[in-house]
Amino acid sequence: MPLDGATRVRGGIVIVRIRGRALPDGEYVDLYADGDRWTTDPVPGADLVAEGWLLPGLVDAHTHPGAEEPGDPMDEEILRADLHRHVDAGVTMIRSPGLPGEPPEWFGAEPGLPRAVHAGPWIAQHGQFFDGWGRRATHAELPVFAAAQAKRTGWAKIIADWRVGDEPVPSDVMAAVVEAVHAVGGRVAVHSQHAAGGEAAVAAGVDSIEHGMWLDTGFLPEMAAGGTALTPTLSVFRSSLVAAREREDNPWKRWYVGGAEAHPALVVAAAEAGVTILAGTDSRPHGRVGVEIRALAEAGLRPHDALAAGSWAAREYLGLPGLVPGAPADAVVYAEDPRADLEQLEHPVAVVLRGVRVR
Ligand SMILES: [Zn+2]
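Residues numbered from 1 in each chain as written. Predicted model: local features only at pLDDT ≥ 70, side-chain atom pairs only at ≥ 80, totals over all residues. Heavy atoms only, no water.

As annotated in an unreviewed UniProt entry, the protein chain carries the name Amidohydrolase and is attributed to Amycolatopsis orientalis.

What follows is the structure, given as structure tokens:
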């Protein structure tokens, strides 16, 4: 509902205006979308679409849209539906550390769907990862494949470890991957759920560790100093823990249950050590980053920091500024301060993407 008179239209598009307290600082702002850029220069007759508490949108930093089941090929219709769910949930940007296939041209650029960065298909050692998904590489090929991928899309995703008893990617190979990817200006995201894989990833100076289960907390200061982020995907572990506990005792169960039970404390220790935490859902249905943000808070992060992990801090980590003049014109608006009640995340008043109200 336009609150201040006639709606001005530029090129057939309503000029969006939002105002309220912008996080992280809580300062009062009054922003106009000049195309895909926020400006504080008033545009007479712009459409004040929402007032309240403003974020630059939510960010899901670990999501694999486009396929129903592990191993399924990329399906454009599923991809589109998954991305719509993200936007409906207030997500304006995603990172896909691994995709079921090459995404279509419109991925990350389509009006009404989130901005996106991605690492193309996962890169794993032979005999590891989900059958039908990703590429397999020898140790000699890993740095070559990773650099080629990162050169195209900015990111490469390496599976450092997989099942209990599997050999992780050796630390010298991981170091060669990081060197090759950084040499082309890219970044490396690494899947790790075992201590040895995590240790190799930290030593190599990867850009993000995904999951990080069983990560030795002694490495957290090194991660903080080196800028290695952690995407703990807490809510996935939590949701599968009940069933895992009911399985009979075996090495898999001891690994999974032990790691998942220790994970919340690990995440809190990482945050306290100054590691950048990223909210990632890694599961279907899409559009549930709010669940992950609440899981981070329930683990013991301050609500402010849990929200940062799924909004402004993640966005900054991915290279986009927050709600400042000149920034890309994305926002999600809540009626109240979401830090006081993270359930607010389920009820955005408005979602603005590329200067257009999309919800
Ligand atoms: Zn994943």
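Re the coordination of the zinc ion
Only His-62 (NE2), His-64 (NE2) and Asp-282 (OD) from the protein reach the zinc ion as donors, at distances of 2.0 to 2.3 Å. Mapped onto the sequence, the donors of the zinc ion take the spacing H-x1-H-x217-D. With His-64 in the loop between β7 (58-60) and α1 (76-88) and Asp-282 in the loop between α7 (251-273) and α8 (289-299), this pair connects stretches of sequence that are 218 residues apart. Here His-64 falls in the buried class, since its relative accessible area comes to 12%. The class of Asp-282 is partly exposed, set by a relative accessible area of 24%. (Donors = N, O, S within 2.8 Å, 3.2 Å for Na, K, Ca; no water. Helix = DSSP H or I, 4+ residues; strand = E, 2+ residues; numbered from the N terminus. Buried < 20%, exposed > 50% of the residue type's maximum accessible area, 1.4 Å probe, protein only.)

Some details on the side chain of Arg-115
With respect to the element layout, Arg-115 can be found in strand β9 (residues 115-118). At 2.5 Å, the side chain of Arg-115 and the side chain of Asp-330 are in polar contact. In this structure Arg-115 touches Asp-36, Thr-92, Met-93, Ile-94, Gly-108, Arg-315, Leu-320, Pro-328, Ala-329, Asp-330 and Arg-354, once residues within four positions along its chain are discounted. (Polar contact = N/O pair within 3.5 Å; in protein donor to acceptor, adjacent residues only side chain to side chain. Contact = heavy atoms within 4.5 Å.)

A closer look at helix α2 (residues 141-153)
Given a rise of 1.5 Å per residue, 13 residues ought to cover 18 Å, and the 18 Å separating the end C-alpha atoms of α2 matches this to within 8%. In this fold, the buried residues of α2 make contact with β10 (123-125), β11 (135-137), β12 (155-159) and α3 (171-183). Positive backbone phi, approximately 90 degrees, marks Gly-154, located one or two places after α2. (Expected span 1.5 Å × (residues − 1).)

Some thoughts on the environment of Thr-92
Relative to the helices and strands, Thr-92 is located in strand β8 (residues 91-96). Distance from Thr-92 to Val-202, taken between C-alpha atoms, is 29 Å for residues 110 residues apart in sequence. Filtering out sequence-adjacent residues up to four positions away, Thr-92 remains in contact with Pro-56, Gly-57, Leu-58, Pro-114, Arg-115, Arg-315, Asp-330, Ala-331, Val-351, Val-352 and Leu-353. Polar contacts involving the side chain of Thr-92 include one to the side chain of Arg-315, which spans 3.3 Å.

Let's talk about the domain arrangement of the protein chain
In terms of domain boundaries, the protein chain breaks down into domain 1 (9-55 + 321-357) and domain 2 (119-312). Listed per partner, the contact involves nine residues of domain 1 and ten residues of domain 2. Between domain 1 and domain 2 the total buried area reaches about 900 Å² when both faces are included, carbon and sulfur atoms providing 74% of it. Of all residues in domain 1, Pro-24, Arg-339 and Leu-342 bury the most surface against domain 2, accounting for 52% of the area lost on that side. Summed over the shared surface of domain 1 and domain 2, the number is four residue pairs in polar contact (both at pLDDT 80 or more). Residues belonging to the side of domain 1 that touches domain 2 are distributed by class as follows: six nonpolar, no polar and three charged. (Domains from an automatic or database assignment. Buried area = accessible area lost by both parts, 1.4 Å probe. Nonpolar A, V, L, I, M, F, W, Y, C, P; charged D, E, K, R; others polar.)

Concerning the sheet that holds β8
Within the open sheet, the three strands sit side by side as β7-β8-β9. Their pairing is parallel. Since the sheet does not close on itself, it has two edges, and those belong to β7 and β9, each with one partner. Each strand of the sheet is rotated relative to its neighbour by a mean of 15 degrees, with strand direction disregarded. As defined by bridge partners, β8 adjoins β9 across four bridges and the pair is classed as parallel. Paired with Ile-94 across the two strands is Ala-116, which belongs to β9. (Pairing = 2+ DSSP bridges. Axes fitted to C-alpha atoms, helices over the stretch in contact; angles between N-to-C directions.)

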